[in-house]
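Fold and contact review
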Amino acid sequence: MDETYSNRQKSILKKLEQSGEISIQLLADSLAVSTMTIHRDLNRLESAGLVVKKHGSVALSANRAAPDSNTCAMCGRAVNDRTAFTLNLTNGEQLRACCAHCGLMLQQKIEDVWQSFTTDFLHGHVVSTPQAVFLIENELTICCAPSVLTFGNRKDAERFQKGFGGKIAGMEETIEYLHGMMHAKKMA
Ligand SMILES: [Zn+2]
Ligand SMILES: [Zn+2]
C-alpha cells in the first residue's frame, strides 16, 4: 500500500474489501468523522482509481487491479492458484479473481462475461463455473468471507461437507446467497 494514504483512507479500503459496497454515512459513523471528511478521503481514493463513488455509497473499483493479472479484480488480493477464478469477457479481456466468492460477485456485476472458470478446492484443477458444485455457509474461510468452496463434483463436495459442514449449492444459488449476505451486511 502506498505510504501517501492516511490510516483512515487505508481503513476505508480495508472495509470495502470486506464488504464490497458501503454507504458513506456508515463509513462516517464507523470511523467517527463527518461525511464531509469521508467525501474528501474518497475523492483522493477515487482520483487514484481505487474506488468508485455511487449515490450515497462507495465501492472498490472493479478495474483497479486489471493491469496486473495476479491480483483479484474484485478485492485486490493476490490471486492464489489454489482458489483462482477466471472470467473471459466477450471483448477478449480476461479478469482474475482470488476465489469463487469474488469471482461470482464479479460475474454478476459485469455483463459481458462469456465464460468463467473456477478451481477445484481438493484437486486444484480448473472447472467450468456452471458445472461446479459449491459449498457455502461453511465455517472454513480460505479467502474471502463468506467463504465459497469449489468442487468439480458433488461427491467431493459431500465428502467435504461431512467434515466441515455447510450447504451444497449450484452456481445460481451461490450467487443469490452471496448477494443476500452482502445485502444483509449493508443493512446491519
Ligand atoms: Zn477477491
Ligand atoms: Zn477471495
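Let us look at the structure shown here. (Residues numbered from 1 in each chain as written. Chains lettered and ligands numbered in written order. Predicted model: local features only at pLDDT ≥ 70, side-chain atom pairs only at ≥ 80, totals over all residues. Heavy atoms only, no water.)

**Description of the overall build of the protein chain**
- What the protein chain contains, in helices and strands, is six helices and ten strands.
- When each of the 188 residues of the protein chain is scored for burial, the buried share is 44%.
- Long-range contacts, defined here as pairs at least 24 residues apart, represent 53% of the contacts in the protein chain between residues at least 6 apart.
- Roughly 9800 Å² of accessible area belongs to the protein chain as shown, and the carbon and sulfur atoms make up 50% of that amount. (Helix = DSSP H or I, 4+ residues; strand = E, 2+ residues; numbered from the N terminus. Buried < 20%, exposed > 50% of the residue type's maximum accessible area, 1.4 Å probe, protein only. Contact = heavy atoms within 4.5 Å. Areas by Shrake-Rupley, 256 points an atom, 1.4 Å probe, with all protein chains shown as cover.)

**Here's the deal with the side chain of aspartate 120**
- Within the element layout of this structure, aspartate 120 appears in the loop between strand S6 (113–119) and strand S7 (126–128).
- Within the buried set, aspartate 120 has no salt-bridge partner at all; the shortest N-O distance to an opposite charge, 6.6 Å, is to arginine 82.
- Among the polar contacts listed, one links the side chain of aspartate 120 to the backbone nitrogen of histidine 123, at a separation of 2.8 Å.
- Once you skip the residues sitting within four places of it in the chain, aspartate 120 turns out to touch Arg82, His125, Val127, Thr150, Phe151, Gly152 and Asp156. (Lys, Arg positive; Asp, Glu negative; His and termini not counted. Salt bridge = Lys/Arg side-chain N within 4 Å of Asp/Glu carboxyl O. Polar contact = N/O pair within 3.5 Å; in protein donor to acceptor, adjacent residues only side chain to side chain.)

**Some thoughts on the coordination of the zinc ion (ligand 2)**
- Only Cys98 (SG), Cys99 (SG), Cys143 (SG) and Cys144 (SG) from the protein reach the zinc ion (ligand 2) as donors, at distances of 2.2 to 2.4 Å.
- Each of the four donor atoms around the zinc ion (ligand 2) contributes to a set of angles spanning 101 to 118°, which defines the coordination as tetrahedral.
- Each donor residue of the zinc ion (ligand 2) belongs to the same chain, and together they define the spacing C-C-x43-C-C.
- Taken as an interatomic distance, the gap from the zinc ion (ligand 2) to the zinc ion (ligand 1) is 3.8 Å; cysteine 98 donates to each of them. Of this pair, cysteine 98 sits in the loop between strand S5 (94–97) and helix H4 (100–109) while cysteine 144 sits in the loop between strand S8 (133–136) and strand S9 (149–151), and the two are 46 residues apart along the sequence. Assigned by exposure class, cysteine 98 and cysteine 144 land together as buried. (Donors = N, O, S within 2.8 Å, 3.2 Å for Na, K, Ca; no water. Tetrahedral: all angles 85-135°; square planar, octahedral: opposite > 155°, others 65-115°.)

**Structural notes on the side chain of threonine 119**
- Summarising the element assignment, threonine 119 is placed in strand S6.
- A polar side-chain atom of threonine 119 sits 2.7 Å from the main-chain carbonyl oxygen of alanine 84.
- The residues touching threonine 119, leaving out its near neighbours within four places in the chain, are Asp81, Arg82, Thr83, Ala84, Gly124, His125 and Thr150.

**Here's the deal with the sheet that holds S9**
- Reading across from one edge, S9-S8-S10 is the order of the three strands in this open sheet, with antiparallel pairing throughout. Both outer strands of the open sheet, S9 and strand S10 (167–169), are each paired with one neighbouring strand and no more. Neighbouring strand axes in the sheet, compared pairwise and without regard to direction, differ in orientation by 30° on average.
- In this structure, S8 lies alongside S9, joined through three bridges in antiparallel fashion. What sits directly across from leucine 135, in S9, is leucine 149. (Pairing = 2+ DSSP bridges. Axes fitted to C-alpha atoms, helices over the stretch in contact; angles between N-to-C directions.)

**Notes on the pattern of salt bridges**
- Throughout the structure, instances matching the rule amount to six salt bridges.
- For the salt bridge of lysine 54 with glutamate 21, the shortest nitrogen-to-oxygen distance reads 3.3 Å. You can see lysine 54 sitting in the loop between strand S2 (51–53) and strand S3 (57–60) and its partner glutamate 21 sitting in strand S1 (residues 21–23), a full 33 residues away along the chain.
- Classification of lysine 54 by relative accessible area gives partly exposed; the value is 40%.
- Note that lysine 167 is salt-bridged to glutamate 173, the shortest N-O span being 3.0 Å.

**Examining the coordination of the zinc ion (ligand 1)**
- Around the zinc ion (ligand 1), the protein contributes the donor atoms Cys72 (SG), Cys75 (SG), Cys98 (SG) and Cys102 (SG), at 2.2 to 2.3 Å from the metal centre.
- Between consecutive donor residues of the zinc ion (ligand 1), the sequence gaps follow C-x2-C-x22-C-x3-C.

**Quick look at the sheet that holds S1**
- The strand order across the open sheet formed by three strands is S1-S3-S2, and the pairing between neighbours is antiparallel. Only two strands of the sheet have a single partner each, and these edge strands are S1 and S2. Taken over all neighbouring pairs, the strand axes of this sheet differ in orientation by 20° on average, direction set aside.
- In this sheet, S3 lies alongside S1 in antiparallel orientation, the contact comprising three bridges. By the bridge assignment, serine 23 is partnered in S3 with serine 57.

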